[in-house]
Amino acid sequence: MDDDDDKSKSSVTDKFSIIVLTYNEERNIRACLESLVPLNVDIFIVDSGSTDKTLEICRQYTANIFHHPFENYSVQRNWAFNNLPITTGWILNLDADHRATPELTAELTATFNQPVDADINGFLVSRRTMFMDKWIKYGGHYPTYHAILFRKGFGQCEDKLYDQHFKITGKTKILKGDMIDIITESLNTFITRHNHWATLEAEYLINTANDDTVNGEVIKAKLTGNPIERRRYIKKQYESFPLFVRPVVYFIIRYFIRLGFLDGTEGLIFHFLQGFWFRFLIDAKIYEKRKKASNASGSNQIIKFIFSFIFLFLVFYFFNIMFFGLTSQGNHYSPFLAGHLNYIQGLRSLLLNTSASILNALGFTAITSNTEMLVVGHQAIQVVYSCLGLGIISFFTAFVLAYPKPLKKKLIFIAAGIFTIELLNVIRFVLLGLYWNKEAAKTIDHHTLFNIFIYIIIAISLYFWIKNPVTENKQHAAN
C-alpha cells in the first residue's frame, strides 16, 4: 500500500466496541449478548438500577459493567460516550431487546477486517421489527435505517424525549445486515410503554412547536438526505397536519397504500396500535395539555393581547403622523429628517416609480414627480399620505406583534403582509392611472374602497394565521 492509500484508509486494527443499555432486562439480555458473541469485541453494559437477574447474566459475557442513573435515553447514551473507557475507534449501540443477525455479524467482521475508508464516519443498519414473533415487513416499516455504528467522537444521541436517533458528523454508509428489534414481550408491556412514550412525544411537540431551532443537535429534516433525514422530513410533514386527522391519514397510507395488510393478523394488530392508536393518543394528549393551558391562561392572554395591540397600534399610528408632520413644510418642519430619514417620502417614491415602471412595461407612458404620476392619454394621480397604507400597516403590525406566537414567525408574517399590502397598492395606482374617473371620486372615494378591500384580506389572513397551530422518569424510551 503506497502513501496515498495510507492517507485514504484508517488502520486495519481500528475495531469497534459495543454499548448496551439495560434496566431489568433478564428476559432479553441473554439473547442479545449471545448474538454478539461471534463478533469477539468488547461489550460495555450501562445499567440504570436493575433489580432482577440482568447483571448476573451480563457478567457471564463481560466484565465491563457500569452504572448510571437513568434520566432519559439521550442523556444515558451521551453519558456513555463521554465516560466509558472505550479504546477502540468505533462504537456500536444496541438495546437489550436488540439482536444482531448472523448476516450483520458476518458483514461487520468483514468490514472491520479490512481498512475502512477514512471519509466514512458511520454506518446505517436497518431495523427488523419483530412483533408477536412476526417480522413486520410492510407498511413502510422495513427497511428503516438507524445510525447505530459510528467513529468515536463523531456521533451522539439527539436531545429528544422520544424517537431519538444518533446524529453522525460526516459521511455514512449503509450495511446490508439487519438488527432485530423485539418490539415487545406482551401487549400489556407494549401499551404501557407506548402510553409513556405518547406523553413524552406530546410534551416534545408542544415544547418545540414555538421554536423550530429548539436544539441544533436534532437531526434536520431533509428530503434529499440520508434515510434518517428523509424519514424525519416525512415526520415533519405529518406533524403539519391537523390533530386527529393525521393519524387516520397515516394509518390508511401505512396499512393500505404501503401494504401493511400483507403482514397478516399480527401486522393488523401492530399497524393499528403503533400506526393509529399510538399516534391518536399523542394527539389526544396534546389536545388535553393545550386545553388545560388555555383554561388556565386564556383570560390573561386575551387581556394582555388587547392592551398590547392597542398600545402598539397607537405608537405606530401616531408616530407615522408625527413624522409626516415633521417632514412636511410647516411650523414643525425638520430639514434634517426630511432630507435624510424621510421613510414616508421614500415609500411614496417607491410606489410611484414601481407603478410607472409597470405601466411603461405594458406599453403606456407614465411620468412621475415626488408626489404624482401622469399616464399620458389617461389620468394623473397624486399620492398623498393617506395613499401609503401606513394606517393599515400599523394595525396589521400591531396585531401580529401582540399575538402570542414565536417572534420569528411574527416577523416573517409581518414582512410578507407589508409586501402584499404595498403590492396591492401598486396595482391600485396602476388601475387608477388607467381607468379612474375623477368625477366618480365625488361619490366614491378610492381610498375607502381600497381600505375595505385590504382590511377584508387582512382579516382572512389573520384568521388562518391564528388558526394554524404552532407546530406543534424512569422508563426507557427506545431509539
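The coordinates are above.
Computed from a prediction, not measured in an experiment: that's the story for all the values here. (Residues numbered from 1 in each chain as written. Predicted model: local features only at pLDDT ≥ 70, side-chain atom pairs only at ≥ 80, totals over all residues. Heavy atoms only, no water.)

### Some thoughts on the overall build of the protein
Looking only at helices and strands, one finds 14 helices and 14 strands in the protein. Radius of gyration (C-alpha) of the protein: 32 Å, far over the 23 Å computed for a compact globule of 479 residues. For the protein, the spread of C-alpha atoms along the principal axes amounts to about 95 × 65 × 45 Å. Considering the protein as a whole, with its 479 residues, one finds that 45% of them fall into the buried category. Total accessible area on the protein is roughly 24,900 Å²; 60% of this is exposed by carbon and sulfur atoms. Side chains of the protein carry 48 positive and 43 negative charges; the gap between the two charge centres is 7 Å. (Helix = DSSP H or I, 4+ residues; strand = E, 2+ residues; numbered from the N terminus. Rg over C-alpha atoms; globule rule 2.2 N^0.38 Å. Buried < 20%, exposed > 50% of the residue type's maximum accessible area, 1.4 Å probe, protein only. Areas by Shrake-Rupley, 256 points an atom, 1.4 Å probe, with all protein chains shown as cover. Lys, Arg positive; Asp, Glu negative; His and termini not counted. Charge placed at Lys NZ, Arg CZ, Asp CG, Glu CD.)

### Topic: the side chain of Ser50
On the secondary structure map, Ser50 appears in the loop between β2 (43–47) and α3 (54–58). When its relative accessible area of 15% is taken as the criterion, Ser50 is described as buried. Engagement of the side chain of Ser50 in a polar contact is seen with the side chain of Asp47, the distance being 2.4 Å. (Polar contact = N/O pair within 3.5 Å; in protein donor to acceptor, adjacent residues only side chain to side chain.)

### Considering the side chain of Asp263
If you trace the backbone, Asp263 turns up in the loop between α8 (245–257) and α9 (264–326). It is Lys134 that comes nearest to the buried, bridge-free Asp263 among opposite-charge side chains, at 5.6 Å. From its side chain, Asp263 meets the backbone nitrogen of Lys137 in a polar contact 3.0 Å long. Setting aside anything within four residues of it in sequence, one finds Asp263 in contact with Lys134, Trp135, Ile136, Lys137, Tyr138, Gly139 and His271. (Salt bridge = Lys/Arg side-chain N within 4 Å of Asp/Glu carboxyl O. Contact = heavy atoms within 4.5 Å.)

### Remarks on the sheet that holds strand β13 (residues 372–375)
Strand order in this open sheet of 3 strands is β12-β13-β14, and the pairing throughout is antiparallel. Only two strands of the sheet have a single neighbouring strand rather than two, namely β12 (366–368) and β14 (380–382). Taking each pair of neighbouring strands and ignoring which way they run, the sheet shows an average axis angle of 15 degrees. Bridge analysis of β12 against β13 gives 3 bridges, and the strand direction is antiparallel. Residue Ile367 lies in a different strand from β13, and its bridge partner there is Leu374. (Pairing = 2+ DSSP bridges. Axes fitted to C-alpha atoms, helices over the stretch in contact; angles between N-to-C directions.)

### Some details on the pairing of strand β1 (residues 16–22)
Among the 7 residues in β1, 7 count as buried, and that is most of the element. One ladder, built from 6 bridges, connects β1 with strand β4 (residues 90–95); its direction is parallel. Residue pairing in the sheet places Ser17 in a bridge with Ile91 of β4. One ladder, built from 5 bridges, connects β1 with β2; its direction is parallel.

### What about unusual backbone geometry?
Trans peptide bonds make up most of the peptide bonds, and negative phi angles are found at most residues other than glycine. The residue after Tyr142, namely Pro143, is reached through a cis peptide bond having omega -5 degrees. In this structure, Pro143 sits in the loop between β7 (134–135) and β8 (144–151). Although it is not a glycine, Asn24 adopts a positive phi angle of roughly 50 degrees. Along the chain, Asn24 turns up in the loop between β1 and α2 (29–36).

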